[in-house]
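# Analysis of the macromolecular model
Listed below are the residues making up each chain.
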Amino acid sequence: MLAIIVHAAENFCQHQLRLPFERIESSPKKRTLLAYIDVEEKNALLHRVYIGCDEALMQRISEIFLGEDESDEQTLIDMLLETTNMIVGSAKVLAEESYETTISIMTPFFVSDDTSKGELQEVQHLSIDNCEMMIALKRL
């Protein structure tokens, strides 16, 4: 499941953001805005997908999509939720087309702090034009 979501995140970087990216081993400790969305695979396995972005990346995304140079905290949170929805929605399509499986997705939620990071089972980090994104899974 993580491979599908990382593939969708890379597509998001390439086609939506049009920013250079690379997979990295780990991320330096930064303030991270964190959201999750629950997904269910066709075999009834439930996962919680976390998307975390540093504030600089969320500001870049806000600038790209909204044209805002300086967004307030609520706008950054809204953009994180939308980014999470776009990435996982793309993963749903990829799962059906490329990975020959189906998934159902729920509604994304903002996590007010990143204490959930300790519970994650699979984690991948992307460096996106000197900014950071974390993609992670937790089985439910």
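Scroll up to find the structure this text is about.
Let me sum up the structure you'll find in this document. (Residues numbered from 1 in each chain as written. Predicted model: local features only at pLDDT ≥ 70, side-chain atom pairs only at ≥ 80, totals over all residues. Heavy atoms only, no water.)

## Some points on the overall build of the protein
Applicable threshold: In this description a helix means any DSSP run of H or I spanning at least four residues, a strand means any run of E spanning at least two, and both kinds are numbered starting from the N terminus. Categorising residues by exposure relies on relative accessible area from a 1.4 Å probe, with only protein chains included: less than 20% of the type maximum marks a residue as buried, more than 50% marks it as exposed, and the intermediate range marks it as partly exposed. Contact between two residues is taken to exist if any of their heavy atoms lie within 4.5 Å; hydrogens are not considered. Surface exposure here means Shrake-Rupley accessible area, sampled with a 1.4 Å probe, where a residue is shielded only by the protein chains that are shown. In this tally, Lys and Arg are treated as positive and Asp and Glu as negative; His is ignored, and so are the chain termini. Every charge is mapped to an atom, namely NZ of Lys, CZ of Arg, CG of Asp or CD of Glu.
Each helix and strand in the protein was counted, giving three helices and seven strands. Traced from its N-terminal end to its C-terminal end, the protein shows the element sequence α-β-β-β-α-α-β-β-β-β. Taken along its principal axes, the extent of the C-alpha atoms in the protein is 45 × 30 × 30 Å. For the protein, with 140 residues in total, the buried portion stands at 48%. Here the analysis covers contacts within the protein between residues at least 6 apart in sequence; of these, 66% occur between residues at least 24 apart. About 7,200 Å² of surface is accessible on the protein, with carbon and sulfur atoms providing 46% of the total. Averaging the locations of the 12 positively and 25 negatively charged side chains of the protein gives two centres separated by 5 Å.

## Considerations on the side chain of Ser127
Among the structural elements, Ser127 can be located in strand β6 (residues 122–128). Relative accessible area serves as the criterion here: at 14%, Ser127 is assigned to the buried category. Look past the residues within four positions of Ser127 in its chain and what remains in contact with it is Pro20, Phe21, Glu22, Ile24 and Glu132.

## Considering the state of the cysteines
Put simply, the rule reads: In this description, a disulfide is simply a cysteine sulfur pair whose atoms lie within 2.5 Å.
On inspection of all chains with the given rule, the structure shows zero disulfides. No disulfide involves Cys13; its nearest neighbouring cysteine sulfur is the one of Cys53, lying 8.6 Å away. The class for Cys13 is buried, based on a relative accessible area of 0%. Given the relative accessible area of 0%, Cys53 is considered buried.

## Here's the deal with the packing of helix α2 (residues 55–66) against helix α3 (residues 73–97)
Heads up, the rule is: Helix axes are fitted only over the stretch in contact, all axes being lines through C-alpha atoms; the angle between N-to-C directions runs from 0 to 180 degrees. When an angle is under 35 degrees it counts as roughly parallel; over 145 it counts as roughly antiparallel; between 65 and 115 it counts as roughly perpendicular; any other value is oblique.
For the pair α2 and α3, interaxial distance at closest approach is 9 Å and the crossing angle is 80°. Judged on the interaxial angle alone, α3 and α2 are roughly perpendicular. Contacts between α2 and α3 involve Glu55, Met58, Gln59, Ile61, Ser62, Phe65 and Leu66 on the former and, on the latter, Thr75, Leu76, Met79, Leu80, Thr83 and Met86.

## Details of the pairing of strand β2 (residues 32–41)
Worth spelling out the cut-off: We call two strands paired when DSSP finds no fewer than two bridges between them.
For β2, the buried fraction is high: nine of the 10 residues fall into the buried class. With nine bridges joining them, β2 and strand β3 (residues 46–54) adopt antiparallel strand pairing. For Leu34, the partnering residue across the bridge sits in β3 and is Gly52. Joining the antiparallel neighbours β2 and β3 is a turn of four residues, in which Ala44 adopts a positive phi near 70°.

## Notes on the pattern of salt bridges
In plain terms, the rule: Put simply, a salt bridge is a Lys or Arg side-chain nitrogen that is within 4 Å of an Asp or Glu carboxyl oxygen.
Scanning the model with the defined rule gives five salt bridges in all. Between Asp38 and Arg48 there is a salt bridge whose closest N-O contact spans 2.7 Å. Residue Asp38 is found in strand β2, and its partner Arg48 is found in strand β3; the two are separated by 10 residues along the sequence. Take Asp38 and Arg48: they sit in the same class, and that class is buried.

## What to know about the nonpolar core
Basically, it comes down to this: Among buried residues, the Ala, Val, Leu, Ile, Met, Phe, Trp, Tyr and Cys ones that are joined through side-chain atoms within 4.5 Å form a nonpolar core.
Core analysis: the largest hydrophobic core is formed by 37 residues, its most contacted members being Val49, Ile51, Met58, Ile87, Met133 and Ile135. Among the elements of the structure, α1 (2–17), β2, β3, α2, α3, β6 and β7 (131–139) are those that each provide at least two residues to this core. Broken down by element, this core gets its largest block of residues, 10 residues, from α3. Sequence-distant contacts of Met58, defined by excluding residues within four places in its chain, comprise Leu33, Cys53, Leu76, Met79, Leu80 and Thr83.

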